[in-house]
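Residues per chain are reported as follows:
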Amino acid sequence: MSDSESIKKMLRSVLQSSKTGVSVSSLQSEYRGLCGEFIPLKKLGYSKLEDYLRSIPSVVRLEYCMGEIKCFAAVCQETAHIAELVARQKSSKKSGRSQLVNCRMRFKPSNPYMLNGRRHTQSFVSYVRTLSLQNLYNEELVQSRISQLLQNYCSGLWLSKLPEVYSEMFSQKLHPQTLTDVEKWTDICVVVKPCGTNRTDSTLNPKQNATPLAPPPQIGSDILPLLKVTFSPTSDSAPCPPSKSSTVVVSAEVRQRIKELLSKNSHGLWAHALPKLFMETYKVPFPDHILDNLSLLLDICTVEYPIPHNKKKAILYICNTADMEATDSQQFSRHPLPSGLEVVGAVLPPPLVPPSEQYPSVLITDAKSSNTVTIRYVGESYSNAQEAMEEAMHSFYNQSSSHHTRSNPVVGQLVAVRGEDGDELARAQVMEVMGRDKVKVYYLDHGFSVETSVTNLLELHQDFLSLPFQATNVRLAGLETFSSHPLVLSSLDKLAVGKILLMEALEPCQQGEMPVVVLYDTSQDDDVNINSTCLKALQDKTMNNPLTVNATYQDVCVTDVCADGIIHCQLPSRGAARLSKLLEETEAIFASQVTSESLVSRPFSGKFCLARHKGKWSRVEITTMYGNRVMEILFIDWGVPATVEVTALREFPPLLLQKFVIIPPQATKCRLADLAVPQGDWSPEAVLWVKEVVLRSEDCKMKVTYSDWLVYMYLFIGTDSQQLEKSINYQLAQSELWHKLTTRNNNNTITSSNSSMDTGITPGQNMDVFVPVACHPGHFVLQQWQDLHKLVVLMGEMILYYNQTWQTNTATDVKKGDVYAAKIDKNWHRVQVKGILTNGLVSVYELDHGKHELVQRSLLQPLIEEFRQLPFQAISAQLAGMTQQQWTEEAAMLFRNHVENHALVAQVESVQELSEVKGELWERRLTVYLVDTTVEARDLWIHSIIADISGDLSSAA
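Residues numbered from 1 in each chain as written. Predicted model: local features only at pLDDT ≥ 70, side-chain atom pairs only at ≥ 80, totals over all residues. Heavy atoms only, no water.

**Student:** Would you take a moment to explain the nonpolar core for this structure?
**Tutor:** In a soluble, globular protein the nonpolar side chains are often hidden away together inside. Ile364, Ile375, Leu492, Met503, Leu519 and Ile530 are the most contacted members of the largest nonpolar core, which has 39 residues in total. Here the element with the most residues in this core is helix H18 (residues 574-592); it accounts for four residues. Not counting residues within four places of it along the chain, the set of residues in contact with Leu519 comprises Val362, Ile364, Leu476, Leu501, Leu502, Met503, Val528, Asn529, Ile530 and Asn531. Core analysis: the next-biggest nonpolar cluster, separate from the first, contains 30 residues, Leu261, Leu274, Phe286 and Ile290 among them. (Core = buried A, V, L, I, M, F, W, Y, C linked by side-chain atoms within 4.5 Å. Buried < 20%, exposed > 50% of the residue type's maximum accessible area, 1.4 Å probe, protein only. Helix = DSSP H or I, 4+ residues; strand = E, 2+ residues; numbered from the N terminus. Contact = heavy atoms within 4.5 Å.)

This is the structure in structure tokens:
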């Protein structure tokens, strides 16, 4: 099951069935026995079962019992308060509305659009129904598998035999609800009642054609109805003749190769990208018939159709069948301590659970290498817990310290250490016994080592082992090969150690693997990527020719011209010559390589790798990540940006990695001297003019007038003269083109449409929502949580499409009221034009996020039909239960603080149509109650808070 909330409910049901708890080592088995599959840890974003369980304390309570971790069902407010809910519904003073809502948002990340799982709303009635396990199964997956199964039984299959055959084919139990629901699935099969109650039709197995399956069993004297499953006449897969087999077979080799490709793309792979990737990797064609019937792969992957009404767009996710084995075999593996030493003793505290936010703040306490960077999380929940524990230690040991001395320390031993001043106490590990009265200890909560007297060592009481050690080690992504290089270590010491930075943990992490992270310094105007900065420290600057003012350079190659006037040039150098040879070697290696090892499985911002430019492999740096499948890259030797999918990237060949890294980027940033850029950007016509003149020119020279991080120069094409009148600078400045406006106002029209269907939102309905914009209780914007993952996929597709086409497209005609794609802050959004200004700016409304923006006309593109299929996600709303129409600034601010950028539950009171076209959700206004269900003790109704503060303000006035 891919739905994270459904997984939680299933897990709660497993735990509620055992009053004595379920051991972590057997939990996967119990879960699979109940719902037919393992907990998909990797898809949920976790490598270890225990880490996932600790992230959902509202569902699971962990306890150490008899040397093992046991799981118990946490107290569930939904089930504990059902009676209270009913009572309140009968006696509510607020128009009969309940003050409890049983739709709980368990987890709110800093970026809700980056969730791996998906949520579904449940009202009180539907929640009670889900307590029955028969409603908790992946119906789409079961339908696809049954469709695949029936291809092997041309004459049909007895319904009574379906569970047995299903279990044998897919190694999973068939959910019992299937036998009830199968009669409704007329699009894939039909259930037939044969004539005559004593008839015993046989069901032929194509592999054992002569051996019929037994008829259904008899109960008492009555024979069960003979039900037979066969192909539906409307099914995409037509039934085969009963006389011969038509089983479609995918060879074991192809299946294994598909699994390898999916394992390298753990966040999903577009099905349409499989043939090209398969051919590039294994040098053989991909079997095309698989794309026509993806159900053939359901035993090795799951299939998701994220774009409504488009079954040709599918994402494949590898099945995590190895989750249980990995969990069982490594469940009790010891977590390595930041000291690097094994622990002497049987008792260890639980592992440290990282915070839930996407970019937590961390203090870098030490960096022995880039593979062993010691951090401490910065935050109240961590600091307060440690301070409380150390205060308890101080009180405990000051009462009877003489009874707790540790006179014979052993390396690896856990101890309590008293500070030199005698007041401070901390947990530590003995690293070295330096003599009879001196030892070296490692402070496990602070991440550094000190030398101290043996008299300061105390026995560490087990009561102080319940809190995880607060220091932990991480590994910096992209620096593994150069982890102990002196230049990397000196950069880390200068840029990171002793500083508080932001940290991004990359997924996936293998079982027992040290977290792989990227560090960012955000204290300056521009964010600094610590990982890429350390890698760039290895570059040999002498491989590029130094630029001298007033010097002229020949054989210059202009590689790109940007709208901001930046021109990228390549100059002859020792680095360029060596790079050319390395890329030739790389082409030969990849041409002969038949393996998936070179695929990039863990992309991150700042990563250096390879991608194709003009048909050849070239070095790139990932500059921006759009989720995990789409990213923006920069060809560092060409200065050319591009947007690609992760499948287009390759790792450097390991034997050539060090040689590639030391060569500096060959693209030099330049600007034409004495040429002012009008209104900050060149017009598209000016960019095109310069490109046509200078790109691919074989006789190009540049004269440097100023050189720093940006080179100002005069550019000469096809002339030996260095007179300024012959320069491109002068020709462009004197041209009529340069004096034209950067954009034109156009009055042409474009039609817009949206194929959204009626969403079925009705008064009284509860739904999970996200609030991206909140002005005041009278106006805010909702997004339905269940569709946000579809919006993420759509925006990724738009980035890929428009970043590759918009700069080469002609100017777009813009008309007020029509719908377009607009580039806003590196992303492409679906917008409606609200106004056209005379200065080239256009006022637009983001139809998926509810925000108003001003954008350049040149950043608008036609919204193609493919990107109109998903209904616009921004829904206008107002708060129910309020009487006033005017709002004070204090009330509006309070409302924004409670709801903006929050995930909440909305209870619909009424729906107002703002357009004659029904079914267009973005042209409706909802009146809703908003409920914050993240507070464990009670549900927080927003209108009650606003009413109270409004009343207080009125009284004060």
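**Student:** Can you walk me through the environment of Ser147 in this structure?
**Tutor:** With respect to the secondary-structure elements, Ser147 resides in helix H8 (residues 139-150). Residue class for Ser147 comes out buried when judged on its relative accessible area of 12%. When the C-alpha atoms of Ser147 and Asp187 are compared, they prove to be 9.8 Å apart, with 40 residues separating the residues in sequence.

**Student:** Would you take a moment to explain empty space enclosed by the protein for this structure?
**Tutor:** Unoccupied space between atoms shows up once a probe the size of one water molecule is rolled over them. Under the criterion given, the structure shown has eight cavities of 30 Å³ or more. Taken together, Leu535, Gln539, Phe608, Arg619, Ile636, Phe652, Phe660, Val661 and Ile663 make up the lining of the largest cavity. (1 Å grid on protein atoms, 1.4 Å probe; cavity = no way out; pocket = protein on both sides within 12 Å on 5 of 7 lines; lining within 4 Å. Points joined across faces, edges and corners; volume = space filled by probe spheres on them.)

**Student:** Is there a simple way to think about the pattern of salt bridges in this case?
**Tutor:** Any two side chains of opposite charge can pair, given that their charged atoms come close. Summed over all chains, the structure comprises 20 salt bridges. In this structure, Lys438 and Glu451 form a salt bridge, with 3.3 Å as the shortest nitrogen-oxygen distance. Within this pair, whereas Lys438 is found in strand S18 (residues 438-443), its partner Glu451 is found in strand S19 (residues 448-453), the two being separated by 13 residues in sequence. According to the relative accessible area criterion, Lys438 is partly exposed, its value standing at 37%. Looking at Glu451, the relative accessible area reads 43%, which means it is partly exposed. Several salt bridges share partner residues, and in doing so they unite Lys313, Glu797 and Glu866 into one network. (Salt bridge = Lys/Arg side-chain N within 4 Å of Asp/Glu carboxyl O.)

**Student:** What exactly am I supposed to notice about the packing of helix H11 (residues 252-264) against helix H12 (residues 274-282) here?
**Tutor:** For any two helices packed against each other, one specifies the inter-axial angle together with the distance between the axes. Contact geometry of H11 with H12 gives a least axis separation of 11 Å together with a crossing angle of 100°. Relative to H12, the element H11 lies roughly perpendicular. Here Val254, Arg257, Ile258, Glu260 and Leu261 of H11 lie close against H12, whose contacting residues are Leu274, Leu277, Phe278, Thr281 and Tyr282. Looking at the contact of H11 with H12 residue by residue, the classes come out as seven nonpolar, one polar and two charged. (Axes fitted to C-alpha atoms, helices over the stretch in contact; angles between N-to-C directions. Parallel < 35°, antiparallel > 145°, perpendicular 65-115°, else oblique. Nonpolar A, V, L, I, M, F, W, Y, C, P; charged D, E, K, R; others polar.)

**Student:** Got a minute to help me understand H18 in this structure?
**Tutor:** Each α-helix turn comprises 3.6 residues. Residues three or four places apart therefore point the same way. Between its first and last C-alpha, H18 extends 28 Å over 19 residues, near the 27 Å set by a 1.5 Å rise per residue. Within the span of H18, buried status applies to Gly575, Leu579, Leu582, Leu583, Thr586 and Phe590. Considered in projection along H18, the buried side chains sweep an arc of 105° and stay on one side of the axis. Summarising the geometry of H18, the exposed residues directed more than 90 degrees from the buried face are Lys581, Glu584, Ala591 and Ser592. Where the residues of H18 are buried, they touch strand S28 (608-613), strand S29 (616-626) and helix H19 (657-661). (Expected span 1.5 Å × (residues − 1). Arc of directions from axis to C-beta.)

**Student:** Help me out: how do you make sense of the sheet that holds strand S26 (residues 557-561) in this one?
**Tutor:** In a beta sheet, neighbouring strands are held together by backbone hydrogen bonds and run either parallel or antiparallel to one another. Taken in spatial order, the six strands make up an open sheet running S25-S33-S34-S32-S27-S26, and their pairing is mixed. Looking along the sheet, the strands with just one partner apiece sit at the ends: strand S25 (552-553) and S26. Two strands pair when backbone bridges link them, and strand S32 (residues 668-672) and strand S34 (residues 711-717) are joined in this way by three bridges, in the parallel orientation. When the sheet's bridge partners are listed, Leu672 is paired in S34 with Met713. Helix H20 (residues 684-694) contacts S26, strand S27 (566-570) and S34 of the sheet and is inclined by roughly 160° relative to S26. (Pairing = 2+ DSSP bridges.)

**Student:** Please clarify how the pairing of strand S38 (residues 827-836) should be interpreted in this entry.
**Tutor:** Each regular strand carries side chains that alternate between the two faces of the sheet. By the criterion of burial, S38 is predominantly enclosed, with seven of the ten residues buried. Summarising the sheet, strand S37 (residues 819-824) and S38 pair through six bridges and their orientation is antiparallel. In the strand pairing of S38, Lys823 is matched with Trp828. Connecting S37 to the next strand, S38, in antiparallel fashion are two residues, including Asp825 with a positive phi near 55°. Both S38 and strand S39 (residues 841-846) contribute to a ladder of five bridges, which runs antiparallel. The residue bridging Val833 from the neighbouring strand is Val844, located in S39.

**Student:** Mind showing me how you'd approach unusual backbone geometry here?
**Tutor:** One can expect most non-glycine residues to show negative phi and most peptide bonds to be in trans. A positive phi angle is found at Lys283, which is not glycine, with a value near 65°. Along the chain, the position of Lys283 falls in the loop between H12 and helix H13 (289-292). Positive phi outside glycine occurs at Asn901, with the angle close to 60°. Within the secondary structure layout, Asn901 lies in the loop between helix H23 (889-899) and strand S43 (902-913).

**Student:** What should I look at first to understand a positive patch on the surface in this one?
**Tutor:** A contiguous patch of positive charge on the surface is contributed by Arg574, Arg578, Lys581 and Lys659. Here the positive patch takes three residues from H18, the largest share from any one element. On the secondary structure map, Lys581 appears in helix H18. Looking at Lys581, the relative accessible area reads 57%, which means it is exposed. (Patch = residues over 30% accessible without salt bridge, like charges linked within 9 Å, V, L, I, M, F, W, Y side chains within 5 Å. Areas by Shrake-Rupley, 256 points an atom, 1.4 Å probe, with all protein chains shown as cover. Lys, Arg positive; Asp, Glu negative; His and termini not counted. Charge placed at Lys NZ, Arg CZ, Asp CG, Glu CD.)

**Student:** I keep staring at the sheet that holds strand S41 (residues 860-862) and nothing clicks. Help me out?
**Tutor:** One open sheet accounts for five strands, arranged S40-S39-S38-S37-S41; its pairing is antiparallel. Each edge of the open sheet is held by one strand with a lone partner, namely strand S40 (852-856) and S41. When the angles between neighbouring strand axes are averaged without regard to direction, this sheet yields 50°. The sheet contact formed by S39 and S40 spans five bridges and is antiparallel. Its bridge partner being in S40, Val842 is matched across the sheet by Val855. Here helix H22 (residues 788-805) sits on the sheet in contact with S37, S38 and S41, set at roughly 80° to S38.

**Student:** Is there a simple way to think about the packing of aromatic side chains in this case?
**Tutor:** For any two aromatic rings, the description comes down to two numbers: the centre-to-centre distance and the angle of the planes. The full count for this structure, using the stated rule, is 19 aromatic pairs. The ring of Trp270 carries the charged tip of Lys313 above its face, separated from the ring centre by 5.6 Å. (Phe/Tyr/Trp six-rings, centres within 6.5 Å; stacked < 30°, edge-to-face > 60°. Lys NZ or Arg CZ within 6 Å of the ring centre and 35° of its normal.)

**Student:** Just checking my understanding: could you explain the pairing of S18 for this structure?
**Tutor:** As defined by bridge partners, strand S17 (residues 425-433) adjoins S18 across five bridges and the pair is classed as antiparallel. Residue pairing across strands places Gln429 opposite Tyr442, the latter belonging to S18. If you look at the hairpin formed by S17 and S18, you'll find four residues sitting between the two strands. If you look at the hairpin formed by S18 and S19, you'll find four residues sitting between the two strands, and Gly447 has a positive phi there, around 80°.

**Student:** Would you mind showing me how to read the confidence of the model for the chain here?
**Tutor:** A low pLDDT score tells you not to read the predicted coordinates there in detail. Confidence along the chain averages 77 in pLDDT terms, with 78% of residues attaining 70 or more. Within the chain, no element has a lower average pLDDT than helix H7 (residues 124-130), which sits at 29, and none a higher one than helix H17 (residues 530-536), at 96. Note that pLDDT drops below 50 for residues 78-136; the model gives that stretch 133 contacts with residues more than four away or on any other chain. Low pLDDT (under 50) marks residues 231-246, which in the prediction has 30 contacts with non-local residues, meaning those over four places away or in another chain. (pLDDT = per-residue confidence, 0-100.)

**Student:** How should I be thinking about a negative patch on the surface in this particular structure?
**Tutor:** Taken together, Glu420, Asp421, Asp423 and Glu424 make up a surface patch of like negative charges. When its relative accessible area of 64% is taken as the criterion, Glu420 is described as exposed.

**Student:** Looking at this structure, how should I read the side chain of Ser370?
**Tutor:** Along the chain, Ser370 falls in the loop between strand S14 (361-369) and strand S15 (372-377). A polar contact of 3.2 Å, which involves the side chain of Ser370, links it to the backbone oxygen of Leu479. (Polar contact = N/O pair within 3.5 Å; in protein donor to acceptor, adjacent residues only side chain to side chain.)

**Student:** Just checking my understanding: could you explain the environment of Phe286 for this structure?
**Tutor:** By the element assignment, Phe286 lies in the loop between H12 and H13. The exposure class assigned to Phe286 is buried, which follows from its relative accessible area of 5%. Taking C-alpha positions, Phe286 is 7.9 Å from Lys276, a pair spaced ten residues apart along the chain. Filtering out sequence-adjacent residues up to four positions away, Phe286 remains in contact with Ile258, Leu274, Pro275, Phe278 and Leu291.

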